[in-house]
Amino acid sequence: MKRDVFAVSKLFAVVTCCVMLLSSCSRSGSPDTTVSSESPSASASQTGARLASSLKAYAQSILDADKQSQKMGDEQRNVVEKAAKGDGTVSRADYEQAWANYKQCIVSRGWASPNLREADGLYAEPPINAENMTEAQTTKLSQDTDYCATTYVVDVDQLYRTQVANPTLSTANVQLIVKCLVASGVVSSDYTTEEFQKDSSSLDFSDSKVQSCLIKYGYHAVDASKEKDSLWKPMG
C-alpha cells in the first residue's frame, strides 16, 4: 500500500494510517499537520470524469481488479459480490461489520484496538502516535494495518463512502472537498481547489466540519499540535 503524506508533524512522531493510497499528490500544510488520501480516485481529478457508469458497475470493477491482486478476504469479497449482483450499494450492517473485522484483525496482531475517526457516520483509520516505538515496531505496524485494511475493509469502505457522499461517482475528489467546505461555511465562497492543494494551513483540522468534508471523499488529516490526546497509541 502506498502512503501519500503531504506534510508530516514535527511536534512528535505521528504516523497517519491510510486505508488505500494510489495518488502521488503533494502539497504543503502547517508543520504539525499530516494530510493524506485514502481514496483510489484521489489522483483522478478531471472535471466530469466518473469512477464507473453506475455503482453496480463500480462494484464489478473492484471485483475485476481483485482477480489480479487477490488481496480481499472472503468476507469483504462476499459483500462486494453482493453489491455487484444487486444495485451496487453496501448495507450499513455490512459496512459496520467490515470495520469491526478490521479492528479485530489489528487486535489479533498484538496491537491496541484502534479508535477510528468518524464523521457523519463514515469511518477512517486513525492517525497514530508513534512516540517511543522502534523502527521495527513501526514497520510491523505498517505491514499489519495494510494487511488488515486491504483484507477486511478497503473496498467495502470505498463503495459505501461513494454511495453516501458521491452518488454521481465523480473522480474530482478535491473539487468535492472544496465544495463541501464552502457549503459548510468553513471557507469563503471564492475558495479554490488550487488553494486547497497548495496550502492547507488556513484550515482548522480539529474542526468537525473540516473532518467531515475530508473523510467523505477519502482524505483525512490531523493537527498534532491540537489533537495529540486523540491519536491512537498502538502499544496501549
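Before reading further, recall that the structure is shown in the block above.
Rules of the game
- Note that residues are indexed from 1 along each chain, following the sequence as it is written.
- Given that the model is predicted, a residue must reach a pLDDT of at least 70 before its local features are reported, and side-chain atom pairs must reach 80 or more before they are shown or counted; all residues, however, enter totals for whole chains, interfaces and linings.
- The side-chain quantities take in all heavy atoms of the structure and omit both hydrogens and water.
- Helix numbers and strand numbers start at the N terminus; a helix is a DSSP run of H or I with at least 4 residues, a strand a run of E with at least 2.
- A simple rule labels every residue: compare its accessible area, found with a 1.4 Å probe on the protein chains alone, to the largest value its type can have, and call it buried under 20%, exposed over 50%, or partly exposed in between.
- Here, two residues are considered to be in contact whenever any of their heavy atoms come within 4.5 Å of each other.
- Reported accessibility uses the Shrake-Rupley method at a 1.4 Å probe radius. Residues are deemed covered only where the shown protein chains occlude them.
- As used in this record, nonpolar core signifies buried Ala, Val, Leu, Ile, Met, Phe, Trp, Tyr and Cys residues forming a set joined through side-chain atoms within 4.5 Å.
- To obtain each axis, a line is fitted to C-alpha atoms, and for helices this fit is confined to the stretch in contact; angles are then taken between N-to-C directions over 0 to 180 degrees.
- Ten residue types, Ala, Val, Leu, Ile, Met, Phe, Trp, Tyr, Cys and Pro, are classed as nonpolar, four, Asp, Glu, Lys and Arg, as charged, and the remainder, Gly among them, as polar.
- Between the rings of Phe, Tyr and Trp (Trp by its six-membered ring), a pair exists once the centres lie within 6.5 Å; its type follows the angle of the planes, with under 30 degrees stacked, over 60 edge-to-face, and the other angles tilted.
- Distance and chemistry together define a polar contact, namely a pair of N or O atoms within 3.5 Å, with one atom able to donate a hydrogen and the other to accept it when in protein, and with adjacent residues in sequence counting only for side-chain atoms on both sides.
- For a crossing to be left-handed, the near helix must be turned anticlockwise from the far one by less than a right angle; the clockwise case is right-handed.
- One side-chain nitrogen of Lys or Arg within 4 Å of one carboxyl oxygen of Asp or Glu is enough to make a salt bridge.

Engineer: Tell me about the overall build of the protein, and please be specific about residues and values.
Structural biologist: Within the protein, the secondary structure is distributed over 9 helices and 6 strands. Going through the 236 residues of the protein one by one, you find that 51% of them count as buried. A separation of at least 24 residues holds for 69% of the contacts in the protein among residues at least 6 apart in sequence. Surface accessibility of the protein: about 10600 Å² in total, with carbon and sulfur atoms responsible for 49%.

Engineer: Account for the nonpolar core, naming residues and giving values.
Structural biologist: Val80, Val90, Tyr95, Tyr102, Val156 and Leu159 are the most contacted members of the largest nonpolar core, which has 37 residues in total. Among the elements of the structure, α1 (55–69), α2 (74–85), α3 (92–108), β4 (122–124), α4 (135–152) and α5 (154–165) are those that each provide at least two residues to this core. Counting residues in each nonpolar core, the second largest holds 18 residues, with Ala165, Val178, Phe205 and Tyr219 among its members.

Engineer: Describe in detail the packing of α2 against α5, supporting the description with residues and values.
Structural biologist: Closest axis-to-axis distance for the α2/α5 pair is 8 Å, and the angle between their directions is 35°. Here α2 contributes Gln76, Val79, Val80 and Ala83 to the contact with α5, which in turn contributes Val154, Asp155, Val156 and Leu159. For the contact of α2 with α5, the per-class residue count stands at 6 nonpolar, 1 polar and 1 charged.

Engineer: Break down the environment of Ile106 for me, with residues and values.
Structural biologist: With respect to the helices, strands and loops of the structure, Ile106 is situated in helix α3. With sequence-adjacent residues up to four places away left out, Ile106 is seen in contact with Trp111, Ala112, Pro114, Asp144, Thr145, Cys148 and Trp232.

Engineer: For the packing of aromatic side chains, give the residues involved together with the corresponding values.
Structural biologist: As enumerated under the stated definition, the model contains 5 aromatic pairs in all. Of the aromatic side chains, those joined through ring pairs into one cluster are Tyr95, Trp99, Tyr102, Tyr123 and Tyr160.

Engineer: Lay out helix α8 (residues 208–216) in plain terms, naming residues and giving numbers.
Structural biologist: Where α8 is concerned, the buried positions are Val210, Gln211, Ser212, Cys213, Leu214 and Ile215. Summarising the contacts, the buried residues of α8 are in contact with β3 (117–119), β4, α5, α6 (173–183), α7 (193–198) and β6 (219–223). One side-chain oxygen at the N-terminal end of α8 lies 2.8 Å from the backbone nitrogen of Lys209; it belongs to Asp207. Positioned one or two residues after α8, Gly218 has a phi angle of 85°, which is positive.

Engineer: I'd love a proper account of the packing of α3 against α5, names of residues and values included.
Structural biologist: In contact at an axis separation of 9 Å, α3 and α5 are set at 145° when each is read in the N-to-C sense. As for how α3 packs across α5, the hand of that crossing is left-handed. Along the contact surface, α3 presents Arg92, Asp94, Tyr95, Ala98 and Trp99, while α5 presents Val156, Asp157 and Tyr160.

Engineer: Could you give an account of the pattern of salt bridges, naming the residues involved and the relevant values?
Structural biologist: Taken as a whole and assessed by the stated rule, the structure comprises 9 salt bridges. Ionic pairing is found between Arg92 and Glu96, a salt bridge with its closest N-O pair at 2.7 Å. Taken together, the residues span about one helical turn, with Arg92 and Glu96 both in helix α3 at a distance of 4 residues. Its relative accessible area of 31% is what places Arg92 among the partly exposed residues. According to the relative accessible area criterion, Glu96 is partly exposed, its value standing at 32%. Note that Asp144 is salt-bridged to Arg109, the shortest N-O span being 3.4 Å. Of the two residues, Asp144 sits in helix α4 while Arg109 sits in the loop between α3 and β3, which places them 35 residues apart along the sequence. Judged by its relative accessible area of 33%, Arg109 is partly exposed. Members of the salt-bridge network, linked through shared partners, are Asp66, Asp74 and Arg77.

Engineer: Give me the side chain of Asn166: which residues, what numbers.
Structural biologist: Counting through the fold element by element, Asn166 comes out in the loop between α5 and α6. With relative accessibility at 6%, the residue Asn166 sits in the buried group. A distance of 2.8 Å separates a polar side-chain atom of Asn166 from the backbone oxygen of Ser170.

Geometric descriptors of this kind do not, in isolation, establish any biological role.
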